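# Topology and contacts: notes
One letter stands for each residue in the lines below.
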Amino acid sequence: MSSIIQLLPDHVANQIAAGEVVQRPASVVKELLENAVDAKATDIKLIIKDAGKSLVQVIDNGSGMSVTDSRLCFERHATSKIRQAEDLFSLHTKGFRGEALASIAAIAHMEMKTKQDQEELGTHIIIEGSKFVSQEVAVLPKGTSFAVKNLFFNIPARRNFLKSDIVEFRHVMDEFQRVALAHANIHFTFYHNGSEMYNLPPSSFRQRIVGIFAGKTNEKLVPVNEETEIVAIKGFVSKPEFAKKSRGEQFFFVNDRFIKSSYLHHAVMAAYDGILKDGAQPSYFLYLSVPPNTIDINIHPTKTEIKFDDEQALYAILRASIKHSLGQFNVAPVLDFDRDANLDTPYHYKDLEGETPTIQVNSNFNPFADDTPNKHYANTNSGSSYSSGASSSGSNSYSSYKKPEPTASWESLYVGLKQDTEEVGMMSFENEEVTSSLFNDDEIEQTVHKTYQIHKKYIVSPIKSGMVIVDQQRAHQRILYEQFLHNMTVNQASSQQLLFPLNLFYSSTDMEIIRELQLSLVNTGFVFESTTEEHIVISGIPINSTESEVSLVIEQLLSDLQDGIPESSFSQNDTIAKSMAKSMAVKTGTYLTEKEQDNLVNGLFACKDPNISPFQKPTFITMRVEDIDKKFAL
């Protein structure tokens, strides 16, 4: 029998490996940025076009590569980070697998320019689909430049699975933010389609966080700082009042490497237990430093998952550190009612030593100096006069008291007005009570209570065949959904003006989504007074909403559109209407008056499709009298 096992060619093996390493343009951005950081660069530029589909370029001023290294770096499992298996437990670099450049070169057109500091000339290499096209000597600055063009050009199926430019750009932005937050000592610059998105000079961790997320980020940060034998924790968490619906601004860094850990996230949420609203997510930027031999990074090619030796201890330390910081800065409530908060020592004063206060004396001050002429005052009681010297050093002015002239009589205010001489007693007034009615008593229809609310969740309304049980939240969602959809597609909704405009701050990525959806939001009733790169000013809101709901509505909308804005206008309007209906609908547990219950039931059955909510769930059920009779017959 003939052999059937064959050794795959290198370019096929690289394409298979690229399926794990390179999933979208953001994966290329991550690998190239981490290589630039490992090269000890102090200035890194990221340039992308069409959300990375056409171009991803990373330029750094790092150590560069020699001619041999520049050719060898595109081979599989070729790396300068480790030499033996034991090095996996003492890693101080981002990469170590030696797969990234080979995988990227297998599925894109790649161009590399590199030069070491001590060399006079550099190397310029062009690769297309794992095939070396050219290698030349070139005059280049110190550092390395990688340009990745036409991603997935030889794998059309993978290219077709890429999302819209907005979604792909959001993923690129996430990868850039993760690397930039982990290395605040490096100057990062980010360009997209020729426009500068970020210019982040070297700074502290706090300044880097504020530089990336802007807005009122600085106001909501609470510092966390704790050092133990197991882990050293530093960073910031947000105040509870700034918690959001989405989980966008949540970052864990272990040894300057971004990671995802649901276990550590649970520790943070446990620290906020009791001080957060339901469904709210706090922001946090936490940097953990642990010994390299206590973690295992080699789990997944993306290296965002880490195994810890002692997860339970890490959980307890992280939870206690955050609770300690929230308590020290009076964020968490304290049950000691006799404590005077004004006597608390601020957290950052605990290691400061007292200083001797300085005394400043004005040697030229003379209280007896006669700087101003004497003023004479008239004594109105005795008629005598006395003098007083002014001891003030300034130019004081004194004015004598003058008795105001008596004003004219109040009667003069009414001079020239016509005086009526008609006696009041001669006027007749209607003093009889009007007791007549527009309708006779027998024509008045007695109002009957037709709806009942059960457990502040369901509304029961009797009908001829039995009764209808309505879910108040789903019914209101259906009503609002059709209202918003009608306003966005047929005619613009009316809005209520706010006495004081609302200033809402968002990140740059969220602002892009808001600007794209601005016209649709205006049709639902929002009035935008101004829109900048960091915040929006809203002066009008939809009629059926309140001022306190505005930020929640927009946060819910941004959360629902986190995976991208639909390209078709109907799908976009449908998504906005569903999101706003979900956040503005009356919630389960809300008491409704009789009139509100009637309006809700009548509004539901006036809808085009009252049977289901916008999320394909039933809004009501009917129970016939026969069904009830069967229950009693058992």
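Structure shown above.
Residues numbered from 1 in each chain as written. Predicted model: local features only at pLDDT ≥ 70, side-chain atom pairs only at ≥ 80, totals over all residues. Heavy atoms only, no water.

## Focus: the overall build of the protein chain
Quick note on the threshold: Strands here are runs of E lasting at least two residues and helices are runs of H or I lasting at least four, both read from the DSSP assignment and numbered beginning at the N terminus. A 1.4 Å probe rolled over the protein chains alone gives each residue an accessible area, and that area as a share of the maximum for its type sets the label: buried under 20%, exposed over 50%, partly exposed in between. Residue contacts are counted whenever heavy atoms from the two residues lie within 4.5 Å of one another.
Helix and strand counts for the protein chain stand at 16 helices and 24 strands. The 634 residues of the protein chain split such that 40% are buried. Contacts in the protein chain between residues at least 24 apart in sequence constitute 66% of all its contacts with a sequence separation of at least 6.

## Quick notes on the environment of Ser283
Heads up, the rule is: Throughout this description, a polar contact denotes any pair of N or O atoms lying within 3.5 Å of each other; where both atoms belong to protein, one of them has to be capable of donating a hydrogen while the other can accept it, and for residues adjacent in sequence the pair is counted only when both atoms sit in side chains.
Relative to the helices and strands, Ser283 is located in the loop between helix H9 (262-271) and strand S13 (284-289). In the structure, Ser283 is positioned 43 residues away from Pro240 in sequence and 9.0 Å away in space, judged by C-alpha atoms. For Ser283, the residues in contact, after removing those within four places along its chain, are Lys220, Val237, Ser238, Glu249, Gln250 and Tyr272. A polar atom in the side chain of Ser283 sits 3.3 Å from the side chain of Glu249.

## Some points on helix H10 (residues 311-328)
Rules: In a helix, the anticipated span is given by 1.5 Å times the number of residues less one.
The terminal C-alpha atoms of H10 lie 26 Å apart, and with 18 residues this matches the ideal 26 Å at 1.5 Å per residue to within 8%. Among the residues of H10, Ala313, Leu314, Tyr315, Ile317, Leu318, Ser321, Ile322, Ser325 and Leu326 are the ones counted as buried. At its buried positions, H10 is contacted by strand S9 (221-227), strand S10 (232-238), strand S11 (250-254), H9, S13 and strand S15 (307-308).

## Digging into the sheet that holds strand S23 (residues 535-542)
Rule in force here: When DSSP finds two or more bridges between two strands, those strands count as paired. For every element, the axis is a line fit to its C-alpha atoms; helices are fit only across the contacting stretch, and the angle between N-to-C directions ranges from 0 to 180 degrees.
Strand order across the open sheet formed by three strands is S21-S23-S22, with antiparallel pairing between neighbours. The open sheet has two free edges, formed respectively by strand S21 (495-505) and strand S22 (527-531), since each of these has just one partner strand. Direction aside, the axes of adjacent strands within the sheet are offset by 15 degrees on average. By the bridge criterion, four bridges tie S22 to S23 in an arrangement that is antiparallel. Looking across to S23, one finds that Phe528 is bridged to Ile538.

## Quick notes on empty space enclosed by the protein
Worth spelling out the cut-off: Using protein atoms alone on a 1 Å grid, points that fit a 1.4 Å probe yet trap it form a cavity, whereas open point sets bounded by protein on both sides within 12 Å along at least five of seven lines form a pocket; residues with an atom within 4 Å of a point count as lining. Grid points are joined across faces, edges and corners, and a volume is the space filled by probe spheres set on the points. Amino acids are sorted into nonpolar (Ala, Val, Leu, Ile, Met, Phe, Trp, Tyr, Cys and Pro), charged (Asp, Glu, Lys and Arg) and polar (every other residue, Gly among them).
For the structure on display, the rule yields two cavities of 30 Å³ or more. Roughly 50 Å³ of volume is contained in the second largest cavity. Every residue lining the second largest cavity is listed: Ile166, Phe169, Arg170, Thr509, Glu512 and Ile513. Secondary structure elements with two or more residues in the lining of the second largest cavity: helix H6 (165-182) and helix H12 (508-524). Classifying every residue of the lining of the second largest cavity gives three nonpolar, one polar and two charged.

## Focus: the environment of Phe526
Of note, Phe526 is situated in the loop between H12 and S22. On a C-alpha basis, the gap between Phe526 and Pro542 in space is 5.8 Å, while along the polypeptide they are 16 residues apart. With sequence-adjacent residues up to four places away left out, Phe526 is seen in contact with Leu521, Ile538, Gly540, Ile541, Pro542, Val550, Val553 and Met580.

## Some details on the packing of aromatic side chains
Rules: When the centres of two rings from Phe, Tyr and Trp lie within 6.5 Å, Trp using its six-membered ring, the rings pair. Their planes under 30 degrees apart give stacked, over 60 give edge-to-face, and anything left gives tilted. Remark: a charge is flagged as sitting over a ring if the NZ atom of Lys or the CZ atom of Arg is within 6 Å of the ring centre and within 35 degrees of the ring normal.
Under the counting rule described, the total for this entry stands at 18 aromatic pairs. Considering the side-chain rings of Phe74 and Phe146, the 6.5 Å spacing of their centres and the 75 degrees angle between planes classify their relative orientation as edge-to-face. Here the residue Phe74 occupies a position in the loop between helix H3 (67-72) and helix H4 (100-106), and Phe146 occupies one in strand S6 (residues 143-149), the gap between them amounting to 72 residues. Like Phe146, Phe74 is buried. The ring of Phe132 is capped by Arg71, whose NZ or CZ atom sits 3.7 Å from the centre of that ring.

## Quick word on the sheet that holds strand S4 (residues 122-128)
Within the open sheet, the eight strands sit side by side as S5-S4-S3-S6-S2-S1-S7-S8. Their pairing is mixed. In this open sheet, the two strands that pair with only one neighbour each are strand S5 (131-138) and strand S8 (195-200). With direction set aside, neighbouring strand axes in the sheet form an average angle of 10 degrees. In the sheet, strand S2 (residues 55-60) pairs with S6 via six bridges, with the strands oriented antiparallel. Bridge pairing in S6 places Val58 opposite Phe146. Each of strand S1 (43-49), S2, strand S3 (109-115) and S6 touches helix H2 (residues 25-38); the most contacted strand, S2, lies at about 10 degrees to it.

## Focus on the packing of H9 against H10
The line we're drawing: We call a crossing left-handed when the near helix sits turned anticlockwise from the far one by less than a right angle, and right-handed when that turn is clockwise.
Interaxial distance between H9 and H10 falls to 8 Å at its minimum, and their mutual angle equals 35 degrees. When the axes of H9 and H10 are compared, the crossing they make is right-handed. Of H10, the residues touching H9 (which contributes Tyr263, Leu264, His266, Ala267, Val268, Ala270 and Ala271) are Glu311, Gln312, Leu314, Tyr315, Leu318, Arg319, Ile322, Lys323 and Leu326. When grouped by side-chain class, the residues that make up the contact of H9 with H10 number eleven nonpolar, two polar and three charged.

## Re the layout of surface pockets
If you add up the space inside the second largest pocket, you get close to 900 Å³. Lining the second largest pocket are 33 residues, with Glu241, Ala243, Ser551, Leu552 and Glu555 positioned closest to its centre. Breaking the lining of the second largest pocket down by element, the ones donating at least two residues are helix H8 (217-220), S21, helix H13 (550-560) and helix H14 (569-584). Among the elements that make up the lining of the second largest pocket, the one with the highest residue count is H13 (four residues). Classifying every residue of the lining of the second largest pocket gives twelve nonpolar, nine polar and twelve charged.

## Section: unusual backbone geometry
The backbone phi angle of Asn150 is positive, close to 50 degrees, even though this residue is not glycine. In this structure, Asn150 sits in the loop between S6 and helix H5 (156-160). Asn150 gets classed as partly exposed once you look at its relative accessible area, which sits at 34%.

## Examining the packing of helix H11 (residues 472-489) against helix H15 (residues 594-605)
Note the cut-off: Just so you know how the angles are binned, under 35 degrees is roughly parallel, over 145 roughly antiparallel, 65 to 115 roughly perpendicular, and the rest oblique.
Orientation of H11 relative to H15, taken along the N-to-C sense of each, is 55 degrees, at an axis distance of 9 Å. The orientation of H11 relative to H15 falls into the category oblique. Every pair of crossing elements has a handedness; the one defined by H11 and H15 is left-handed. Residues Gln472, Ala475, His476, Arg478 and Ile479 of H11 pack against Leu600, Gly603 and Leu604 of H15. Of the residues contributing to the contact of H11 with H15, the split by class is four nonpolar, three polar and one charged.

## Brief notes about H12
Basically, it comes down to this: At any given residue, the bend is defined as the angle formed between two axes, one fitted to the seven residues that end at that position and one fitted to the seven that begin there.
The first and last C-alpha atoms of H12 sit 23 Å apart over 17 residues, in line with the 24 Å expected at 1.5 Å per residue. Gln518 marks where H12 bends most, by close to 55 degrees. Here H12 has its buried residues at Thr509, Asp510, Met511, Ile513, Ile514, Leu517, Ser520, Leu521, Asn523 and Thr524. At the exit of H12 stands Gly525, carrying a positive phi of roughly 125 degrees.

## A few points about the nonpolar core
Generally speaking, nonpolar side chains in soluble globular proteins are found buried as a group. As a reminder of what qualifies: Put simply, buried Ala, Val, Leu, Ile, Met, Phe, Trp, Tyr and Cys residues joined by side-chain atoms within 4.5 Å make one nonpolar core.
Counting residues in each nonpolar core, the largest one holds 57 residues, and the members touching the most others are Leu32 and Phe74. For this core, the element with the most residues is H6, which contributes eight residues. The contacts of Phe74, once residues within four sequence positions are left out, are Leu101, Ala102, Ala105, Met110, Met112, Ile125, Ile127, Phe132 and Phe146. With 31 residues, the next largest nonpolar core counts Tyr506, Leu521, Phe526 and Ile554 among its residues.

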